[in-house]
Amino acid sequence: MKIVVALGGNALLKRGEPMTADNQRANVRRAAAVLAELVAAGHSLVITHGNGPQVGLLALQVAASSDPPFPLDVLDAESAGMIGYVLQQELGNAIKDRLFAALLTQVKVDPHDPAFAAPTKPIGPVYDEATARRLAAERGWRIAPDNDKWRRVVASPKPLAIIEAEVLAFLVGRGVIVICAGGGGIPVVELADGSLAGIEAVIDKDFASSLLARQLDADLLLLLTDVDAVYADWGLASARPLANVQACDFVPGDFPAGSMRPKVEAAVEFVRASGKPAAIGKLEEAVKIVGGIRGTWIGPAV
């Protein structure tokens, strides 16, 4: 199968774990070993990844400098290059007989997307509420709860088009394992003269992966994270994992924004547009998820 595999930022850097180069590489190496099993099973992979923790760290480092800060689109590109490099290297170490390419990917968004007025995308480290409110006041951040902690949130417009889709399809068609759309891709807008320009935002990598899977005519969209399945009644005593669900049975509003809701919405979007399935689950169980015995499978209505 041709599978677009989306690695969550929290799958590459565990929640609450120090954001060090060593920790990131150890987690990427763990992910590469899992992906190598999918390749060994005969699947063709296109790999995307999140960047929420990483781009937030870069933004903090930039803010600590006396120089003018780089905009978020440039930091998106920087984090995509950083993670893509490590992924490409560790995949090459795990799989010796395949070609790999990590590509910076521009993704067109609407400059009038309502997301710019209502930021929801969490980036950077977690804080207790008092620290988050202090930093928000000092730095002009928007903040929001993230489970029992608080994080900075930024605009996350919907992706409209993958600019490099034709290049990606060319490489995939020749057997290259491509790492792309890092952090949801680099957000750009089309100007009146047809040229492109970056814009301050972080695109949700699940929505970008859903769009990419449709543009590449993938057989499966696989969203890997740090939880084993989509849960009904998450956070309640009645919480239960969902195994096989039809896209029409999901109500995205039943799931927390900034966490599982984008994954569910992106998966349903792919299923409805393509008529092909999507699956959500834990990184370590990727092979079993593809085999249909773990995670949550979302299929088209029968």
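Residues numbered from 1 in each chain as written. Predicted model: local features only at pLDDT ≥ 70, side-chain atom pairs only at ≥ 80, totals over all residues. Heavy atoms only, no water.

### Details of the sheet that holds strand S5 (residues 121-127)
Item 1. Taking strand neighbours across the sheet as the criterion, the three strands line up as S5-S7-S6 in an open arrangement whose pairing is antiparallel. Lying at the two open borders of the sheet, with one neighbouring strand each, are S5 and strand S6 (142-146). Recorded for the sheet is a direction-independent mean angle of 40° between the axes of neighbouring strands.
Item 2. Sheet topology places S5 next to strand S7 (residues 149-154); four bridges connect them, and they run antiparallel. When the bridges of S7 are listed, Tyr127 appears paired with Trp150.
Item 3. Sitting on the sheet, helix H5 (residues 129-139) touches S5, S6 and S7, and the angle it makes with S5 is about 120°. (Pairing = 2+ DSSP bridges. Helix = DSSP H or I, 4+ residues; strand = E, 2+ residues; numbered from the N terminus. Axes fitted to C-alpha atoms, helices over the stretch in contact; angles between N-to-C directions. Contact = heavy atoms within 4.5 Å.)

### Points about the sheet that holds strand S3 (residues 100-102)
Item 1. On the basis of which strands lie adjacent, the open sheet formed by eight strands has the order S3-S9-S2-S1-S12-S16-S17-S15 and mixed pairing. At either end of the open sheet lies a strand with only one pairing partner, and these are S3 and strand S15 (244-246). Sheet twist, expressed as the mean angle between neighbouring strand axes with direction ignored, is 20°.
Item 2. Contacts from helix H7 (residues 205-215) reach strand S1 (2-7), strand S2 (44-49) and strand S12 (220-225), with the element oriented near 170° to S1.

### Considerations on unusual backbone geometry
Item 1. Look at Ala181: it is not a glycine, yet its phi comes out positive at around 50°.
Item 2. With phi around 55°, Asp217 is a residue other than glycine that occupies positive phi space.
Item 3. Mapped onto the elements of the fold, Asp217 is located in the loop between H7 and S12.

### Topic: helix H6 (residues 165-173)
Item 1. All of the buried residues in H6 are Ala165, Leu168, Leu171 and Val172. Mapping the buried residues of H6 onto a view down its axis gives an arc of 125°, with all of them on the same face. Away from its buried face by more than 90 degrees, H6 exposes Glu166 and Gly173.
Item 2. Structurally, H6 contributes buried residues whose contacts are with S1, S2, S3, strand S8 (161-162), strand S9 (177-179) and H7.
Item 3. Looking one or two places after H6, you find Gly175, whose phi comes out positive at around 85°. (Buried < 20%, exposed > 50% of the residue type's maximum accessible area, 1.4 Å probe, protein only. Arc of directions from axis to C-beta.)

### Re the packing of helix H2 (residues 21-40) against helix H4 (residues 72-94)
Item 1. Orientation of H2 relative to H4, taken along the N-to-C sense of each, is 50°, at an axis distance of 9 Å. In terms of orientation, H2 lies oblique with respect to H4. H4 is crossed by H2, and the crossing has right-handed handedness. Mapping the contact onto sequence places Gln24, Arg25, Val28, Arg29, Ala32, Leu35 and Ala36 in H2 and Met82, Ile83, Tyr85, Val86, Leu87, Gln89, Glu90, Leu91 and Ala94 in H4.
Item 2. Here the residues of the contact of H2 with H4 are counted per class, giving eleven nonpolar, two polar and three charged. (Parallel < 35°, antiparallel > 145°, perpendicular 65-115°, else oblique. Left-handed = near helix turned anticlockwise from the far one by under 90°. Nonpolar A, V, L, I, M, F, W, Y, C, P; charged D, E, K, R; others polar.)

### Looking at the packing of aromatic side chains
A ring pair, where both rings are aromatic, is described by two values, the distance of the centres and the angle of the planes.
Item 1. Here the structure, examined in full by the defined rule, presents one aromatic pair.
Item 2. In this structure, Lys158 packs its charged tip against the face of Phe207, placed 4.7 Å from the ring centre.
Item 3. Sitting over the face of the ring of Phe170, Arg174 holds its NZ or CZ atom 3.7 Å from the ring centroid. (Phe/Tyr/Trp six-rings, centres within 6.5 Å; stacked < 30°, edge-to-face > 60°. Lys NZ or Arg CZ within 6 Å of the ring centre and 35° of its normal.)

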